[in-house]
Amino acid sequence: PSRQESSGINAEYGLTLGMDRNLVEYDILNSTEDNLIVMSTDKIEQSATPVSCAWYPPINKEHFLLVANSEYKYKLLNATTKRCRKTLLGPTHGSHIQKIVNLAYPEEKHYIAFITEDKIGLTTLPLDGNPHNTTALLAHCDGASNIVACPRSRYLFTVGGKVCRMWEVKPEVLHATAALGGSGLAPFYQLLEGGEDGPLAKEMEEYFYYSQMRSQSVATTEHRKVGQHVLLEEVPNIMRALGFYPTELQVQDMINEVKFSQYVETGKTVSEVDLETLIKLYCNHRPVFGLPLFKVYDAFETLAGADGDGRIDRGLLLSLLQNKGEHISEPELAEYLASLLELYGGATNKEDKMASVSPAEAATTLERVLPEVIDADMFTGHVLGFMPATLAE
């Protein structure tokens, strides 16, 4: 089913979002009553569900479509290619956004209004992931179902249950709230556990400088150069070291976000990131609530089938990992499982050790350390290494 309809930059086109994670564009001008012409269909999400979209105001040289999803994220899609150009942290006021609308405000100031399950909110643009640039109020105790703006955006109207409410827009209050939240990196440090002086911020800084050493070879005894930037290809490794395990699609989105961040203005790509950019990437891209372990159990229930008991044959599980979703090659799978199970824990260089192992030897080793039948408890405890106390949570 369709989640939302939106008129395009040009009234000749229309857009819809669906529960199937597809964005569909229609040729309204040449369509007829009995023939709605589909111009393009693009899958824009991997795990989240897109819930609302609006055209991003022309505050950049590049035209964007703004999409809000069910995982509390905003995504800026290129208006032509529909490719993700930027991922940003969205409002986290109880529930995810249900609908967004543009506010055409005077004096070249731009805002978007939104509703969640029961709240109405306002966000100042451009979006950057700063939570202090957003404010929200309780709108309808019985749930908000729609929001519209008057032509001059001075007032908003929301509907929930049998009640329609009219709201006056006062963006100066939002600016005051944003100013109290601090400038620069201060709002983003507040998103990290422990803040600027907490263990996560310090760990991130250590990984940032270690990655510079890693790119120059850890084993060398030669003098290394440590600067203010790290190579772009090191970003996924840093994210994983911090406990955020992005999918290959998310990795590509992060890299492209930085790589082409200045391309429209300068015609050049970016190959390095500084610590400030790294912190913002982490805050904007990581899951808002982490990865709940119940999702692992749900995955095993799904893979086992309706008649299964949540247990999967070892060969079937390894085959699914290699052939479904984001494919993992056999050498990669052997390497990942060997690292997780610490099969070569005593090796001086695990990467060199894995490179010398033949596929047949790797398969034999995995058969030896993995039982014939695997369930969620065994996978989370033995393979992923989560403690029983963590599982109970």
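The structure under discussion appears in the preceding block.
Residues numbered from 1 in each chain as written. Predicted model: local features only at pLDDT ≥ 70, side-chain atom pairs only at ≥ 80, totals over all residues. Heavy atoms only, no water.

**A closer look at the overall build of the protein chain**
When its secondary structure is counted, the protein chain shows 14 helices and 19 strands. Among the 393 residues that make up the protein chain, the fraction classed as buried is 41%. Working note: accessible area of the protein chain is about 22,200 Å², and carbon and sulfur atoms make up 51% of it. (Helix = DSSP H or I, 4+ residues; strand = E, 2+ residues; numbered from the N terminus. Buried < 20%, exposed > 50% of the residue type's maximum accessible area, 1.4 Å probe, protein only. Areas by Shrake-Rupley, 256 points an atom, 1.4 Å probe, with all protein chains shown as cover.)

**Regarding the sheet that holds strand β8 (residues 84-89)**
With respect to topology, four strands assemble into an open sheet ordered β5-β6-β7-β8, the strand pairing being antiparallel. In this open sheet, the two edge strands, each paired with only one partner strand, are β5 (50-55) and β8. Each adjacent strand pair in this sheet contributes to an overall mean axis angle of 25°, direction not counted. Here strand β7 (residues 73-78) runs beside β8; their pairing, made up of five bridges, is antiparallel. Bridge pairing links L77 to C84 in β8. Here helix α5 (residues 248-259) sits on the sheet and contacts β7 and β8; the angle it forms with β8, its principal contact strand, is near 100°. Sitting on the sheet, helix α7 (residues 275-285) touches β7 and β8, and the angle it makes with β8 is about 80°. (Pairing = 2+ DSSP bridges. Axes fitted to C-alpha atoms, helices over the stretch in contact; angles between N-to-C directions. Contact = heavy atoms within 4.5 Å.)

**Remarks on the packing of aromatic side chains**
Considering all chains together, one arrives at five aromatic pairs under this definition. Considering the side-chain rings of Y56 and F64, the 6.2 Å spacing of their centres and the 70° angle between planes classify their relative orientation as edge-to-face. Of the residues examined, Y56 reaches a relative accessible area of 8% and is grouped as buried. Both rings, one in Y72 and one in F289, keep their centres 5.3 Å apart while their planes meet at 85°; by these two values the pair is edge-to-face. Of this pair, Y72 sits in the loop between β6 (64-69) and β7 while F289 sits in the loop between α7 and α8 (294-304), placing them 217 residues apart in sequence. On the basis of relative accessibility, which here comes to 59%, the residue F289 falls in the exposed class. (Phe/Tyr/Trp six-rings, centres within 6.5 Å; stacked < 30°, edge-to-face > 60°.)

**Quick notes on the side chain of T134**
Mapped onto the secondary structure, T134 falls in strand β12 (residues 134-138). Side chain to side chain, T134 and T123 meet in a polar contact 2.9 Å long. What T134 contacts, discounting residues up to four positions off in sequence, is P91, H93, F114, L122, T123 and L174. (Polar contact = N/O pair within 3.5 Å; in protein donor to acceptor, adjacent residues only side chain to side chain.)

**Considerations on the pairing of strand β15 (residues 163-168)**
Two elements, strand β14 (residues 155-160) and β15, share six bridges in a ladder whose sense is antiparallel. By the bridge assignment for β15, V159 is matched with C164. Remark: two residues form the turn of the hairpin made by β14 and β15, two consecutive strands paired antiparallel; G161 in that turn has positive phi of roughly 65°.

**Some points on the nonpolar core**
Among the nonpolar cores identified, the biggest contains 25 residues, and L192, M204, V235, M239, L278, I279 and Y282 are the most heavily contacted of them. Elements represented by at least two residues in this core include exactly α2 (186-189), α3 (199-215), α4 (235-241), α5 and α7. Sorting elements by how many residues they give to this core places α7 first, with six residues. In terms of nonpolar packing, the next biggest core, distinct from the first, is built from 18 residues, L318, A334, L341 and I374 among them. (Core = buried A, V, L, I, M, F, W, Y, C linked by side-chain atoms within 4.5 Å.)

Remember that the coordinates give geometry; whether it matters functionally is a separate question.
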